[in-house]
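# Structure at a glance
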Amino acid sequence: MHKSIILTYMFINRTHELAILNQHSRSISSGSRINIALFGLRRIGKTELLLQFKNTTHDNNILIPYINLQKIIPDIEGFVKAYSKELIYETIRQKEQADYPYEMEDLLILASKLGDMETHHVRTLISILKQHEIATEELLELTFAFAQKLAEKHDKKIIFMLDEFQELLQVHSWFLQVMRSITEKQKDVNYWISGSVFSVFNEMLNYKNPFFGQFTRMTLENFDKESTYELIDSTLPFKPAQNHKDKIYKFTNGQPYYTVAVCRKISEQYALDSSINTPQVNFCIMNEIFADTGSINEHFEYILDVSLAKFKNKDRYKTILFLLSQDPATLAAIARHIKKPTGEISNYLKALLRTDLIFRKDSTYHIRNPLFAFWVNNKYLGLGTELTSGKAAEHLLANLEEKYQRVSTELGIAKEFEIKYKLEALYNIKLEKYLKDNIEFDLVGTDGNTAYIFEIKWRNKKTSYKDIDNLIQKINSSEFRTQKKQVIFISRSGYTKSALEFAGQHEVKLLNRHMEKVTIQDS
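Below, the structure is looked at part by part. Each chain carries its own residue numbering, running from 1 in the written order of its sequence. Only residues with pLDDT of at least 70 get local features here, since the model is predicted, and only at 80 or more are side-chain atom pairs given and counted; chain-wide, interface and lining totals rely on the full set of residues. By convention in this description, side-chain values take in all heavy atoms of the structure and omit both hydrogens and water.

### Considering the overall build of the protein
The criterion, for reference: By definition, any uninterrupted DSSP run of H or I lasting at least four residues is a helix, any uninterrupted run of E lasting at least two residues is a strand, and each is numbered from the N terminus. Whether a residue is buried, partly exposed or exposed follows from its accessible area with a 1.4 Å probe, protein chains only, as a fraction of its type maximum: under 20%, in between, or over 50%, in that order. Whether two residues are in contact is decided by their heavy atoms, any of which lying within 4.5 Å being enough.
Within the protein, the secondary structure is distributed over 22 helices and 15 strands. A buried classification covers 53% of the 523 residues belonging to the protein. Here the contacts in the protein between residues at least 6 apart in sequence split such that 69% fall between residues at least 24 apart.

### Regarding helix α11 (residues 242-252)
Residues three or four positions apart in an α-helix share a direction because the helix packs 3.6 residues into each turn. What α11 keeps buried is the set His-244, Lys-245, Lys-247, Ile-248, Tyr-249, Phe-251 and Thr-252. Remark: Asn-253 follows α11 within two positions and exhibits a positive phi of approximately 55°.

### What about the sheet that holds strand β14 (residues 508-511)?
For clarity, the threshold we go by: Strand pairing is defined by DSSP finding a minimum of two bridges between the two strands. Every angle, taken between N-to-C directions, lies between 0 and 180 degrees, and every axis is a line fitted to C-alpha atoms, over only the stretch in contact when it is a helix.
Reading across from one edge, β10-β11-β12-β13-β14-β15 is the order of the 6 strands in this open sheet, with mixed pairing throughout. Of all the strands in the sheet, the pair left with one neighbour each is β10 (432-436) and β15 (517-518). Both β10 and strand β11 (residues 439-447) contribute to a ladder of 4 bridges, which runs antiparallel. Among the inter-strand pairings, Tyr-434 is bridged to a residue of β11, identified as Phe-441. This element, helix α21 (residues 465-476), spans β11, β12 (450-457), β13 (484-491) and β14 of the sheet and lies at about 150° to β13.

### What about the packing of helix α12 (residues 256-273) against helix α13 (residues 278-290)?
Each packed pair of helices is defined by two parameters, the angle between the axes and the distance between the axes. The criterion, for reference: Every angle not falling under 35 degrees, over 145, or within 65 to 115 is termed oblique; those three ranges are roughly parallel, roughly antiparallel and roughly perpendicular. Crossings are sorted by hand: turned counterclockwise from the far helix by less than a right angle, the near helix makes the crossing left-handed, and turned clockwise it makes it right-handed. Any residue that is not Ala, Val, Leu, Ile, Met, Phe, Trp, Tyr, Cys, Pro, Asp, Glu, Lys or Arg is counted as polar, Gly included; the first ten are nonpolar and the last four charged.
Running from N to C, α12 and α13 cross one another at 130°; their axes reach a closest spacing of 9 Å. By the angle between their axes, α12 is oblique relative to α13. Considering how the two elements wind past one another, α12 and α13 form a crossing that is right-handed. Contact with α12, carried on its side by Ala-261, Val-262, Arg-264, Lys-265, Ile-266, Gln-269 and Asp-273, involves Gln-280, Val-281, Cys-284, Ile-285 and Glu-288 of α13 and no other residues of that element. Across the contact of α12 with α13, the residue classes break down as 6 nonpolar, 2 polar and 4 charged.

### Some remarks on unusual backbone geometry
Although it is not a glycine, Asn-428 adopts a positive phi angle of roughly 55°. You can see Asn-428 is positioned in the loop between α20 (413-427) and β10. By relative accessible area, Asn-428 is classed as exposed at 69%. Of note, the phi angle at Met-515 is positive, near 65°, even though the residue is not glycine. For Met-515, the location among the structural elements is in the loop between β14 and β15.

### Observations regarding helix α6 (residues 116-129)
Rules: Expected span, for any helix, means 1.5 Å times one less than how many residues it has.
For α6, which comprises 14 residues, the first-to-last C-alpha distance of 20 Å matches the rise-based estimate of 20 Å (1.5 Å per residue) to within 8%. For α6, the complete set of buried residues consists of Glu-118, Thr-119, His-121, Val-122, Leu-125, Ile-126, Ile-128 and Leu-129. The inward-facing, buried residues of α6 abut α4 (76-93), α5 (104-114) and α7 (136-154).

### Observations concerning the pairing of β14
So the rule is basically this: When the strands point away from the viewer, a crossover counts as right-handed if the path from the first strand over the helix to the second runs clockwise.
Summarising the sheet, β13 and β14 pair through 4 bridges and their orientation is parallel. From the neighbouring strand, Val-487 faces β14, where its bridge partner is Val-508. Crossover β13 to β14 through helix α22 (residues 497-505) is right-handed. Of the strand pairs in this sheet, β14 and β15 are connected by 2 bridges, and their pairing is antiparallel. Note that in β15 the partner of Leu-511 across the bridge is Lys-517. Once β14 ends, the chain turns through 5 residues before running back antiparallel as β15, passing Met-515 with a positive phi of about 65°.

Structural data, given as structure tokens:
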């Protein structure tokens with residue numbers, strides 16, 4: 001199975017997310033302006049979702065240009081060329097068949113078919129780009145302004161998709177300020193952006209930066225068990241045993257790319273043997289991770305290469321990753337292992353945090369993806385190419401399952417930040433995690449004399465009155481016990497009737513997974 005087929009299968013069962021995008025596009029067509037920020041870790045299916053929306057939307061009132069910012073030259077010239085090409089090409093495509101304008105001369109020919117305004121824009125662009133010193137800010141202003149002029153002339157709404165938006169930080173430090181100053185005034189141009197390096201993406205949209213409050217956030221997560229089984233059934237050329245589907249789901253945790261990659265390997269084995277047993281499934285999983293031709297192995301090699309590409313002393317970074325692949329560790333512990341000053345190691349860790357390979361929780365550093373940690377650990381120890389022993393594969397899989405059991409997955413880091421962002425917007429306050437005197441709250445913020453205390457339960461189980469009582473007991477033992485406060489509980493899977501009654505008695509506000517208020521009447 002070719003990798004392009006893997007990407008096609010990865011789109012399965014994103015109907016909910018697609019429905020949300022379709023609803024937003026209908027609102028835009030009716031005159032609303034909606035910017036969307038879509039986040040998901042690498043290979044979760046962001047690009048496939050955006051392109052599926054683009055390719056299945058047949059509304060002649062809307063233009064949908066798309067740029068993958070990882071695939072253009074990361075400078076002003078590369079961006080403005082790609083931006084203008086996509087706009088003009090998409091406008092022409094609604095009228096007639098056309099070849100993509102790879103060269104600026106080809107773009108000029110297409111622009112001439114649309115009229116004087118478009119032709120003048122391209123000629124001006126070419127003239128500026130030929131100058132020895134380019135006034136980059138003016139060039140960006142010209143580029144962004146062109147979208148609104150095009151929309152007004154052709155009576156269109158524009159949804160401009162900028163995939164891997166965090167790449168724009170490489171263009172210039174003031175890029176976002178220029179973009180915001182122009183685009184916020186444009187009534188017909190909407191931006192749907194995506195990002196996979198979450199620490200950078202989140203920073204670009206947080207309260208300190210130009211785009212704060214400008215985007216509706218969406219997070220693309222792994223598939224649930226039912227959707228993963230559907231993906232497995234649609235990928236394998238035979239009906240798999242239920243315990244094999246369970247094993248694949250347990251290993252991949254519903255990550256669609258990993259799921260399809262493993263199914264591809266199992267399909268190859270089935271073609272050879274006309275049957276599949278549990279040891280073969282184990283063997284296929286481990287080969288997909290460690291074989292040189294394994295898609296997961298290649299994906300991890302790519303992540304490591306790209307993440308460390310700009311760093312000097314790459315071996316030092318790899319040593320830190322190897323240490324963290326064994327167990328999460330503090331700055332002091334890492335410095336002690338490497339025998340370097342904590343100040344030096346702190347700089348390495350700050351750089352790694354911006355790659356999203358690792359994250360920090362309280363004072364401990366973790367590798368974000370437990371499967372990547374497993375790969376780093378075993379690759380560093382010399383395991384590669386092919387596994388030759390089924391027993392070795394079973395042993396490695398057992399080690400992987402043990403590692404998975406040690407990783408907390410109740411609330412993923414991406415979802416945690418998405419909820420934090422939504423609550424900050426909902427209550428108009430800054431929220432932070434709280435840990436003091438061994439008492440921990442998920443999020444806390446203050447508004448005047450009022451403290452807002454949030455508890456989040458993101459699990460497949462209804463919240464009980466005991467969960468709420470535990471929160472109240474913690475508050476009564478904290479510095480907030482005598483303060484004016486609002487206590488808010490968020491539950492992914494709802495509440496038991498006793499929890500609803502108990503919360504009402506103790507003035508605890510309950511929210512569902514959509515941040516909507518829940519009352520006793522909802523039970």
